[in-house]
Amino acid sequence: MAAPLIAPPGPDSFKKFTPESLANIEKRIAEDKKNKKKQRPKSDSSHRDEDEDNKAKPNSDLEAGRSLPFIYGDIPKGLVAVPLEDMDPYYLNEKPKSQQNFTASFFL
């Protein structure tokens, strides 16, 4: 399953965070762990420096507390004050920190 590198512009970028969203994240995490086990580490230590430089970083335009870039438009009225899926591709395979004590009743 190929994930998009950036969220599409416009209000269609906003999606509610649902139990299915969490299940998809957990599935991607499991697939990544499975793929990492298949890869063999390189024998020399020089690859460590390259990994640090090429490591993915969060999108600074989508940081918490910053204004949302105009390209995404306004948040639809039905999604204000509702948990949303993260638009930053850096976080596609990470559980949201606020969901550590996740329960199904959260969405009821």
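Nothing here was measured: the structure is a model prediction, and the numbers come from that model.

Draft legend 1. Structural detail: the overall build of the protein chain. Across its full length, the protein chain holds two helices and zero strands. Here the protein chain, with 108 residues, has 14% of them falling under the buried criterion. Intrachain contacts of the protein chain at a sequence separation of at least 6 include 85% that bridge at least 24 residues. Accessible area for the protein chain stands at about 9,100 Å²; split by element, carbon and sulfur atoms hold 52% of it.

Draft legend 2. Quick look at the packing of aromatic side chains. With the rule as written, the count across this model stands at one aromatic pair. Here Tyr90 and Tyr91 contribute two aromatic rings whose centre-to-centre distance is 4.8 Å and whose plane-to-plane angle is 90°, an arrangement assigned as edge-to-face.

Draft legend 3. Region of interest: unusual backbone geometry. Residues other than glycine seldom take positive phi values, yet Ala81 does so here, at roughly 65°. Summarising the element assignment, Ala81 is placed in the segment after helix H2 (47-54).

Draft legend 4. How the structure looks around the environment of Ser13. If you trace the backbone, Ser13 turns up in the segment before helix H1 (19-38). Taking the C-alpha atoms as reference points, Ser13 and Gly73, separated by 60 residues in sequence, lie 9.3 Å from one another.

Draft legend 5. Highlighting the side chain of Ser21. Inspection of the secondary structure puts Ser21 in helix H1. Using a relative accessible area of 5% as the deciding quantity, one classes Ser21 as buried. If sequence neighbours within four positions are ignored, Ser21 has contacts with Lys16 and Glu85.

Draft legend 6. Here's a closer look at the side chain of Asp88. Relative to the assigned elements, Asp88 resides in the segment after H2. At 10 Å, Arg66 is the nearest oppositely charged side chain to Asp88, a buried residue that forms no salt bridge. Within polar-contact distance, the side chain of Asp88 engages the backbone nitrogen of Asn59 at 2.7 Å.

Draft legend 7. Region of interest: the confidence of the model for the protein chain. Mean pLDDT over the protein chain stands at 75; residues scoring 70 or higher make up 69%. pLDDT under 50 marks residues 100-105. Its contacts with residues more than four places away, or in other chains, come to three contacts.

Draft legend 8. Here's a closer look at the environment of Asp74. Relative to the assigned elements, Asp74 resides in the segment after H2. The exposure class assigned to Asp74 is exposed, which follows from its relative accessible area of 69%. C-alpha of Asp74 to C-alpha of Phe14: the two residues are 60 residues apart in sequence and 9.7 Å apart in space. Residues within four places of Asp74 in sequence aside, it is in contact with Pro11 and Phe14.

Draft legend 9. A look at a nonpolar patch on the surface. Judged by side-chain polarity, Leu68, Ile75 and Val80 come together as a nonpolar surface patch covering roughly 230 Å² of accessible area. With respect to the element layout, Val80 can be found in the segment after H2.

About the criteria used
- Residues numbered from 1 in each chain as written.
- Predicted model: local features only at pLDDT ≥ 70, side-chain atom pairs only at ≥ 80, totals over all residues.
- Heavy atoms only, no water.
- Helix = DSSP H or I, 4+ residues; strand = E, 2+ residues; numbered from the N terminus.
- Buried < 20%, exposed > 50% of the residue type's maximum accessible area, 1.4 Å probe, protein only.
- Contact = heavy atoms within 4.5 Å.
- Areas by Shrake-Rupley, 256 points an atom, 1.4 Å probe, with all protein chains shown as cover.
- Phe/Tyr/Trp six-rings, centres within 6.5 Å; stacked < 30°, edge-to-face > 60°.
- Lys, Arg positive; Asp, Glu negative; His and termini not counted.
- Salt bridge = Lys/Arg side-chain N within 4 Å of Asp/Glu carboxyl O.
- Polar contact = N/O pair within 3.5 Å; in protein donor to acceptor, adjacent residues only side chain to side chain.
- pLDDT = per-residue confidence, 0-100.
- Patch = residues over 30% accessible without salt bridge, like charges linked within 9 Å, V, L, I, M, F, W, Y side chains within 5 Å.

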